[in-house]
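# Close look at the chain arrangement
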Amino acid sequence: MTTLPSRVPDTRPSRLTRPLYAYALLEEFVLLYPLYALLFTETGLSVAQISSLFVLWSLTSALLEIPAGAWADVVPRRHLIAAAPLLAGAGFALWLLLPSYWAFALGFVLWGAGGALSSGALEALVYTELAHRGAADRYARVMGVARALGVASVGTATLLAVPVMAHGGYAAIGTASVAACVLCALAGTALPENRPRRSDGTATDLAKGADPAPGYLRTLRAGLAEARGSRAVRHAIVLVVVVTVFWEMLEEYVPLLSASAGVADQDVPLVVLTVWVCVTVGGLLAGPASRLSPRTLGVLLALAAVAIGAGALLGSPVGWILLGGGFGVCQMMSVVVDARLQDSITGPGRATVTSLAGLGTEAVNILSFPLYAGAFLVLGHGPAFALFAAPYLLTAVLMSRGGNRRASAR
């Protein structure tokens, strides 16, 4: 079994957090985000074709999630993390240079592949680096801030996209998006990485305490075996998938929910902004929340489910605050359960195990969108939101019975 690098005093946390936070900001600072669907429509794509692109995007990420995770347990993780935004940037450039269905499809494949490269690898690198510095208990706080910065960056890019589009068109939007991806890659190369020393299995290296260098297949099998054989890891993976997937899916429908509740078109961005602010605050509170007892976390998640359902049904200013508060708690919980997963992993396949949670999230996402569409046709947006928030009540029970994650880590 591979252990984490030996702990040293955490004298320079900024060496990790500065490039990490820069990466989180730049990764989401893509001015194309709020406009690429419009680009597809103006190119002549139908709704069915656009939907097929989204499915292709999710399928690419799902198929590459575990292979990329195992790769991140064999090669330097920061190299994969740096390559991820370059693939996305190449896809964006392709969209603007050769706008057509097949160019859009290839761009989504590149984007999905980039997401798979960084998914699992980033969490594993941050946790291992913090553990190397004797600060693994800071993981939830550090990743919470990174998630909050990502949400704030999306909001800023959305606000800037309109004036940039008005003055420079898609050329300016695309150039800014590709530039953000390149800068994000540079931030990824600046991430520190301390991994256990590997050897080629020689007697000299083994006598010095180096771990035998595992091959790709051996690492992949080790990660899958840990997920299959450890109850704590399985429990944490399930929590990561369930806590993450539903609120992130519902967030995509907030503009439609607010419009169906009678909000004027010009006021819909205010509703979205309210939700973004609450989600950002939720990420910032992940560090303190990670110190709460499992029972308290379960109660908070149950309250979030009630807030999401009630807020969607009310469809009023108070309702939007409740909805945003519920999403903010879910964002906070997403970081906390990710920290619980990282604490439960003890073998050499940290990124591989983490990628299993990413695969589960992608798979449930693929199923959730058509299910939501069916629920909307029967119930409408408000009741559909309440229906999809209901699983959090059961998840709250599961979380409250999860035990102390720090005890399992030690």
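Along each chain, residue indices are assigned from 1 in the same order as the chain's sequence is written. For this predicted model, a pLDDT threshold of at least 70 governs which residues receive local features, and a threshold of 80 or more governs which side-chain atom pairs are given and counted, while totals over whole chains, interfaces and linings are taken from all residues. The basis for every side-chain value is the complete set of heavy atoms in the structure, and neither hydrogens nor water enter the calculation.

### Topic: the overall build of the protein chain
- The way it works is that DSSP assigns letters per residue, a run of H or I at least four long becomes a helix, a run of E at least two long becomes a strand, and they are numbered from the N terminus. Along its length, the protein chain carries 19 helices and two strands.
- The buried label goes to any residue with under 20% of its type's maximum accessible area, the exposed label to any with over 50%, and the partly exposed label to all in between, with areas taken from a 1.4 Å probe on protein chains only. Counting all 410 residues of the protein chain, 50% fall into the buried class.
- For this analysis, residues touch if any pair of their heavy atoms sits within 4.5 Å. In the protein chain, the proportion of contacts linking residues at least 24 apart, taken out of those at least 6 apart, comes to 82%.
- Computed by Shrake-Rupley with a 1.4 Å probe, the accessible areas treat only the displayed protein chains as cover when residues are assessed. For the protein chain, the exposed surface amounts to about 17700 Å²; the carbon and sulfur share of it is 68%.

### Re the confidence of the model for the protein chain
- A residue's pLDDT is simply how confident the predictor is in it, with values from 0 to 100. When pLDDT is averaged across the protein chain, the result is 83; 89% of the residues are at 70 or more.
- This model gives residues 199-212 a pLDDT under 50, and the stretch forms 20 contacts once residues within four places in sequence are excluded.
- The low-confidence segment residues 404-410, where pLDDT is below 50, has 13 contacts with residues more than four positions distant or belonging to other chains.

### Here's the deal with the packing of aromatic side chains
- Two rings from Phe, Tyr or Trp (for Trp, the six-membered ring) form a pair when their centres sit within 6.5 Å of each other. Planes less than 30 degrees apart are called stacked, planes more than 60 degrees apart edge-to-face, and all others tilted. This structure, assessed with the given rule, holds 26 aromatic pairs.
- When the centroid spacing of 5.9 Å and the interplanar angle of 45° are considered together, the rings of Trp247 and Phe327 count as tilted. Note that Trp247 is positioned in helix α10 (residues 231-251) and Phe327 in helix α15 (residues 317-344), a separation of 80 residues in sequence. There is no split in this pair, since Trp247 and Phe327 are both buried.
- An aromatic cluster is built from Tyr33, Tyr36, Phe40, Phe54, Trp57, Phe92, Trp95, Phe104, Phe108 and Trp111, whose rings are joined through pairwise contacts.

### Details of the packing of helix α14 (residues 294-314) against helix α17 (residues 381-389)
- To get an axis, fit a line to the C-alpha atoms, keeping to the stretch in contact for a helix; angles then go from 0 to 180 degrees between the N-to-C directions. Where α14 meets α17, the closest approach of the two axes is 7 Å, and the angle between their N-to-C directions is 175°. The orientation of α14 with respect to α17, classified from their angle, is roughly antiparallel. Of the residues in α17, those touching α14 at Ala305, Ile308, Gly309, Ala312 and Leu313 are Gly382, Pro383, Phe385, Ala386 and Ala389.
- Under this grouping Gly is polar, as are all residues other than the nonpolar Ala, Val, Leu, Ile, Met, Phe, Trp, Tyr, Cys and Pro and the charged Asp, Glu, Lys and Arg. Residue classes in the contact of α14 with α17 are distributed as eight nonpolar, two polar and no charged. In this scheme, roughly parallel covers angles under 35 degrees and roughly antiparallel covers those over 145, while 65 to 115 is roughly perpendicular and the rest are oblique.

### Thoughts on a nonpolar patch on the surface
- Surface patches are defined over residues having more than 30% relative accessible area and no salt bridge, joining like charges when they lie within 9 Å and nonpolar side chains (Val, Leu, Ile, Met, Phe, Trp, Tyr) when within 5 Å. Throughout this description, the term salt bridge denotes a Lys or Arg side-chain nitrogen within 4 Å of a carboxyl oxygen of Asp or Glu. A cluster of nonpolar side chains, Leu270, Leu273, Val277, Val281 and Leu285, forms an exposed patch at the surface whose accessible area comes to about 410 Å².
- Mapped onto the elements of the fold, Val281 is located in helix α12 (residues 268-284).

### Section: the nonpolar core
- Buried Ala, Val, Leu, Ile, Met, Phe, Trp, Tyr and Cys residues that are joined via side-chain atoms within 4.5 Å together make up what is termed a nonpolar core. Core analysis: the largest hydrophobic core is formed by 93 residues, its most contacted members being Leu20, Val126, Ile237, Leu323, Phe327, Leu341 and Phe385.
- For Leu20, the residues in contact, after removing those within four places along its chain, are Leu122, Val126, Val142, Met143, Ala146 and Leu191.
- Within the second largest apolar cluster, 22 residues are counted, among which are Leu39, Leu53, Trp95 and Trp111.

### Comments concerning helix α18 (residues 391-400)
- What α18 keeps buried is the set Tyr392, Thr395, Ala396 and Met399. The buried residues of α18 all sit within an arc of 110° when viewed along its axis, so they share a single face.
- For α18, the secondary structure elements touched by its buried residues are α10, α14, α15 and α17. The arc in question is traced by the directions running from the helix axis to the C-beta atoms.

### As for the pattern of salt bridges
- Tallying each qualifying case throughout the model produces three salt bridges.
- The salt bridge involving Arg133 is made with Glu129; its shortest N-O contact spans 3.0 Å. Pair check on accessibility: Arg133 and Glu129 agree, each one buried.

### Concerning the side chain of Ser344
- In this fold, Ser344 is placed in helix α15.
- Excluding residues that lie within four positions of it along the chain, Ser344 makes contacts with Glu226, Ala232, Val233 and Ala236.

### Points about the packing of α14 against α18
- α18 packs onto α14 with a crossing angle of 175° between their chain directions and a minimal axis gap of 7 Å. As far as their axial angle goes, α18 and α14 are roughly antiparallel. Counted together, Pro294, Arg295, Leu297, Gly298, Leu301, Ala302 and Ala305 of α14 and Tyr392, Leu393, Thr395, Ala396, Met399 and Ser400 of α18 form the full contact between these two elements.
- Its residues placed into classes, the contact of α14 with α18 shows nine nonpolar, three polar and one charged.

### Some details on the state of the cysteines
- Two cysteine sulfurs form a disulfide in these notes if their separation is within 2.5 Å. Applying the stated criterion across every chain, the model contains zero disulfides.
- Free of any disulfide, Cys184 has its nearest cysteine sulfur in Cys181, 6.9 Å distant.
- The class of Cys184 is buried, set by a relative accessible area of 0%.

### Notes on α14
- Taking 1.5 Å of rise per residue, the 21 residues of α14 would be expected to cover 30 Å, and the 30 Å separating its terminal C-alpha atoms lies within 8% of that figure.
- Among all positions of α14, only Pro294, Leu297, Gly298, Leu301, Ala304, Ala305, Ala307, Ile308, Gly309, Gly311 and Ala312 are buried.
- Among the structural elements, α10, α11 (254-260), α13 (286-289), α15, α17 and α18 are those in contact with the buried residues of α14.
- Where α14 ends, the next residue or the one after it, Gly315, has phi of about 60°, a positive value. Expected helix span is given by 1.5 Å per residue-to-residue step, counting one fewer step than there are residues.

### Quick look at the environment of Leu31
- Examined against the element boundaries, Leu31 turns out to sit in the loop between α1 (14-28) and α2 (36-43).
- Residue classification places Leu31 among the buried residues on the basis of a relative accessible area of 4%.
- Separated by 124 residues in sequence, Leu31 and Gly155 have C-alpha atoms that sit 9.9 Å apart.
- Beyond its immediate chain neighbours, meaning those up to four positions away, Leu31 contacts Ala157, Leu160, Ala161, Val164, Ile173, Ala176 and Ser177.

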